[in-house]
Amino acid sequence: MGTGDYDHPTSKFEQPAHKVAIPPPQPFIRSLKNAVKETLFPDDPLRQFKGQPPARRFILGVQYVFPFFEWAASYNLSFFKSDIIAGITIASLAIPQGISYAKLANLPPILGLYSSFIPPLVYAMMGSSKDLAVGTVAVASLLIGSMLGAVVNANEDPKLYLHLAFTATFIAGVFQVSLGILRLGFIVDFLSHATIIGFMGGAATVVCLQQLKGILGLEHFTHGTDLVSVLQSVFSQTHKWRWESAVLGVCFLFYLLVARYVSTKRPKLFWISAMAPLTSVILGSILVYLTHAEKHGVQVIGELKKGLNPITIMDLSFGSQYLSTAIKTGIVTGVIALAEGIAVGRSFAMFKNYNIDGNKEMIAFGMMNIAGSCTSCYLTTGPFSRSAVNFNAGCKTAVSNIVMAIAVMITLLFLTPLFHYTPLVVLSSIIISAMLGLINYEEAIHLWNLDKFDFVVCMSAYFGVVFGSVEIGLVIAVALSLLRVLMFVSRPKTMALGHIPDSTIYRSIDQYQNAKSVPGILILQIDAPIYFTNSSYLRERISRWVDEEEDRLKCSEENSLQYVILALSAVGNIDTSGITMLGEVKKLMERRGLKLVLANPGGEVIKKMNKGKLIEVIRQEWIYLTVGEAVGACNFMLHAYKNVEKQTSTGSSGKESRNDNNV
C-alpha cells in the first residue's frame with residue numbers, strides 16, 4: 001500500500017506561505033472582450049487614440065489609414081534625392097520584368113507596364129514599408145497562367161481570359177483587404193518558412209523550364225507546368241529548334257548572371273545588376289532591328305499600345321461561368337502575394353530598425369490590387385528582387401515607388417514603340433536569371449541540418465510543384481504544415497524532471513545530466529495546453545511514464561514509487577476534456593496506490609479546475625505553487641510513512657517478546 005492511503009499531515013507539516021490562487025471571476029462580456037483583443041488585436045492598434053481630442057483622433061485616423069501623411073511632414077530634399085535615384089533604378093528593372101512576367105501569365109505584355117504604374121502609387125499612400133518596391137512577380141504570374149489557362153485558352157479566347165485575370169485580381173484584393181480589416185493575418189502564417197522556400201524553388205524551376213519555349217524559339221508549347229510535360233514538349237520538337245534564338249538567349253543569360261554575380265560580390269555595384277535587364281532589352285532590340293532577325297526565326301514582342309491604363313471596371317466578369325475558377329485563383333494568388341510581400345517588407349524593415357504593421361500591409365496590398373483590377377492591371381505585390389534593388393539604391397521612403405510609377409508613365413506615353421523589336425528570347429533570359437535566385441538550395445541544406453521535418457515539408461512542396469503542378473505543390477506543403485501543427489497540439493512533449501544538486505531547481509533529466517531523480521517521486525512536466533486533441537494521449541503517456549519508472553525502480557531495487565507530481569507551468573490553458581483527463585489520472589493513480597500532486601497550475605487552468613470541481617477531487621492541499629514545495633511535502637509524507645512503519649514494527653516486536661516471557 002502506498003502513501004496515497006494517508007491524509008495530508010496538516011498538523012505536522014508546515015504549509016507553504018503562499019497557495020495557488022484562483023483568479024477572481026469576471027463577467028462574460030469582459031472575458032469575451034479580452035479574448036477577442038488578445039486574438040485579433042495583440043498590438044493594440046487603437047492605443048494611440050486613447051485620451052486624444054476629436055480633432056487629433058481624426059488626424060491620427062487619417063495617418064493610420066494613409067501612412068503617407070505621417071512621414072510626409074518630415075520629408076526633405078535629401079530624402080528626395082535618394083528616392084529619385086532609387087526610383088529610376090527600380091524602374092529600369094520594373095519595365096523589362098513587367099513585360100516578361102505578363103508573358104508568363106499569358107497576358108498582353110503591355111499589362112506588365114500598366115501594373116507598374118497604378119499599384120505603386122496606391123501603395124505609396126497606404127503602405128507602411130519604406131523599402132518595398134511594388135510590381136508583378138513570376139510565381140503569381142505562373143499561378144494565374146496555369147490556373148486560368150486550365151479552363152480558358154488565352155490564344156483562342158483572349159478577351160475572356162483577360163477579363164478573368166482582372167476578376168481574379170479584384171477578388172485577390174478584396175480577400176487581402178478582408179484579412180487586414182478582420183485582423184486575420186495569422187492565416188498567412190500557415191505558409192511556414194520551409195513551405196515558402198520549397199514552393200518558391202519549385203515554382204522558379206517550373207518557370208525556368210517554361211522559358212525553354214522562348215530560348216529555343218518554339219511556337220507551340222505545352223500548357224502543362226510539370227517537368228515531364230515540359231521536357232516531352234521540348235524534345236518532341238527538336239526539328240523546330242532555332243539555333244539563332246538559342247545562341248542569343250544563352251549570350252544574354254550569361255551576361256545577366258555575370259552582372260548579378262558582380263553585384264553580389266560587390267554590393268556597391270548593385271546598379272550593374274539592376275540595369276542589366278534594361279540593357280539586355282535595349283541591346284537585343286538594336287541587334288534584331290539591325291540584322292532583321294525577326295525574319296530568321298527570332299520572335300519579337302511586336303506593337304505595344306501607347307497611352308495610360310484603360311479603365312476596366314466594366315470588364316470584371318462576375319457573371320461568367322468560370323467565376324469559381326477566378327475566385328480560386330484570386331484567393332490562392334492573394335495568399336501567396338501576401339506571404340511574399342509581408343516577408344520581404346519585414347526583412348528590410350529589420351535592417352533599418354523600424355516596424356511594419358502586417359494587417360495594414362494587407363489592406364494596402366488589397367487596395368492596390370482592387371484599384372489595379374479596375375485599371376488594366378493584374379496581381380501585384382512586393383517582389384524580393386525589386387525591393388532588394390530599391391534598398392541597395394538607398395531609398396528613404398515610399399516616394400521611390402512614385403518615381404518608378406512616373407518613369408513607367410513616361411514610358412507608356414512616349415516610349416512603347418521602342419519595344420517593338422525586343423526579342424522574346426531576351427525576356428526569357430531575364431526571367432530565368434531572376435528565377436535562379438529563388439532556388440535557395442543553401443536554405444534547404446540549412447533546414448536539413450536544423451529540422452528534418454521542415455526539410456521534408458520543403459522538398460515535398462518543391463517536388464509537388466515540379467512533378468505535379470503549382471496547385472498540387474501548394475496543397476501538399478500546406479497539408480504537411482498543418483499536419484505538423486496538429487502533431488504539436490495532439491502529441492505534446494512530456495518530460496521527467498530531476499533535482500539539480502545544491503539548488504531548489506528541477507529540470508529535465510535528459511537535458512541536464514547532473515539532475516537526479518527524487519526517490520519515491522516521479523516529477524513530470526507537460527509542455528503544452530491540454531485540449532480534447534491531446535487529453536487521451538496525455539493520459540496514456542502519463543501511465544506509461546509510471547510503468548517505466550516502476551520497472552526502473554524494481555530493477556535497481558530502489559524505494560517503490562509513491563507520488564506522481566505533474567508540473568503544469570507550461571500548460572497555458574485547458575478545456576473540459578483536459579479537466580476530465582486529470583480526474584481520470586487521479587483515479588488511475590489511486591488504483592495503483594499512488595498519490596497525484598499538481599504544481600504551479602496557471603490562472604486559466606486553476607480557474608477551470610475550480611469550476612469543474614476538480615480541486616475538490618484532488619484536494620487543495622495537494623496543489624502547490626512550485627515543484628520544490630510539492631517535493632518537500634511528498635518527502636515529508638515519505639518520512640512520516642517510514643516512521644509509522646518503524647513504530648509499527650517495533651511495537652509488534654515488543655508484543656511478541658512479552659508473549660514469549662509470559663509463556
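Criteria and thresholds
Residues numbered from 1 in each chain as written. Predicted model: local features only at pLDDT ≥ 70, side-chain atom pairs only at ≥ 80, totals over all residues. Heavy atoms only, no water. Helix = DSSP H or I, 4+ residues; strand = E, 2+ residues; numbered from the N terminus. Buried < 20%, exposed > 50% of the residue type's maximum accessible area, 1.4 Å probe, protein only. Contact = heavy atoms within 4.5 Å. Areas by Shrake-Rupley, 256 points an atom, 1.4 Å probe, with all protein chains shown as cover. Lys, Arg positive; Asp, Glu negative; His and termini not counted. Charge placed at Lys NZ, Arg CZ, Asp CG, Glu CD. Patch = residues over 30% accessible without salt bridge, like charges linked within 9 Å, V, L, I, M, F, W, Y side chains within 5 Å. Salt bridge = Lys/Arg side-chain N within 4 Å of Asp/Glu carboxyl O. Core = buried A, V, L, I, M, F, W, Y, C linked by side-chain atoms within 4.5 Å. Polar contact = N/O pair within 3.5 Å; in protein donor to acceptor, adjacent residues only side chain to side chain. Phe/Tyr/Trp six-rings, centres within 6.5 Å; stacked < 30°, edge-to-face > 60°. Lys NZ or Arg CZ within 6 Å of the ring centre and 35° of its normal.

Draft legend 1. Focus on the overall build of the protein. Helix and strand content of the protein: 26 helices and six strands. Its C-alpha atoms put the protein at 135 × 70 × 55 Å along the principal axes. With 663 residues in all, the protein has 49% of them scored as buried. Excluding contacts between residues fewer than 6 apart, the proportion of contacts in the protein whose partners are at least 24 apart in sequence is 80%. Only carbon and sulfur atoms are counted for the fraction: they give 62% of the accessible area of the protein, which is about 32300 Å². Distance between charge centres in the protein, computed from 55 positive and 47 negative side chains, equals 6 Å.

Draft legend 2. Structural view of a nonpolar patch on the surface. A grouping of F186, I187, F190, L482, V485, F488 and V489 is seen on the molecular surface, where their side chains present a nonpolar patch of about 580 Å² in accessible area. Within the secondary structure, L482 sits in helix 21 (residues 470-490). Given a relative accessible area of 34%, L482 falls into the partly exposed group.

Draft legend 3. Local environment of the nonpolar core. I99, L143, F199, I336, Y378 and M435 are the most contacted members of the largest nonpolar core, which totals 103 residues. Counting residues per element, this core draws most heavily on helix 14 (residues 323-351), which supplies 10 residues. When neighbours within four sequence positions are excluded, L143 is seen to be in contact with L148, F199, V332, T333, I336 and V470. Core analysis: the next-biggest nonpolar cluster, separate from the first, contains 53 residues, I523, L561, I574 and M589 among them.

Draft legend 4. The arrangement of unusual backbone geometry in detail. The phi torsion at N106 lies on the positive side, around 60°, for a residue other than glycine. Examined against the element boundaries, N106 turns out to sit in the loop between helix 4 (77-104) and helix 5 (110-114). Judged by relative accessible area, N106 falls into the partly exposed class, the value being 38%. Of note in this structure, D502 is not a glycine but carries a positive phi near 60°. With respect to the helices and strands, the residue D502 is situated in the loop between strand 1 (494-499) and strand 2 (506-508). Classification of D502 by relative accessible area gives exposed; the value is 84%.

Draft legend 5. Focus on the environment of G612. Tracing the sequence through the fold places G612 in the loop between helix 24 (603-611) and helix 25 (614-618). When its relative accessible area of 41% is taken as the criterion, G612 is described as partly exposed.

Draft legend 6. Spatial organisation of the side chain of E361. Relative to the helices and strands, E361 is located in helix 15 (residues 358-373). K360 is the oppositely charged side chain nearest to the buried, salt-bridge-free E361, at an N-O distance of 7.6 Å. Polar side-chain contacts of E361 include one of 2.6 Å to the side chain of Y123. Excluding its chain neighbours within four sequence positions, the residues that come into contact with E361 are Y123, G127, S128, S129, L132, I342 and I356.

Draft legend 7. Layout of the side chain of S535. Locating S535 in the fold gives a position in helix 22 (residues 535-556). Beyond its immediate sequence surroundings of up to four residues, S535 is in contact with S577, G578 and M581.

Draft legend 8. Broad picture of the pattern of salt bridges. According to the stated counting rule, one finds 11 salt bridges in the structure shown. The partner of E548 in a salt bridge is R544, and the shortest N-O contact between them spans 2.9 Å. Of this pair, E548 and R544 both sit in helix 22, four residues apart, which is roughly one turn of the helix. We classify R544 as partly exposed; its relative accessible area is 46%. Ionic pairing is found between E550 and R592, a salt bridge with its closest N-O pair at 2.9 Å. Highlighted residues: E550 in helix 22 and R592 in the loop between helix 23 (576-591) and strand 5 (595-599), separated in sequence by 42 residues. We classify E550 as partly exposed; its relative accessible area is 21%. When salt bridges that share partners are traced, they join D451, D454 and R484 into one network.

Draft legend 9. Representation of the packing of aromatic side chains in the model. Following the criterion strictly, the structure yields 17 aromatic pairs and no others. Between Y123 and F365, the aromatic rings sit 5.7 Å apart at their centres with planes inclined by 15°, giving stacked as the arrangement. Here Y123, found in helix 6 (residues 118-126), pairs with F365, found in helix 15; they are 242 residues apart in sequence, far enough to count as distant. Between Y462 and F463, the ring centres sit 5.4 Å apart and the planes meet at 80°, which makes this aromatic pair edge-to-face. In this structure F463 comes out as partly exposed when scored by relative accessible area, which is 40%. Across the ring face of Y354, the terminal group of K130 is positioned such that the distance to the ring centre comes to 4.8 Å. K360 extends its terminal NZ or CZ atom over the ring of Y64, reaching a point 4.6 Å from the ring centre.

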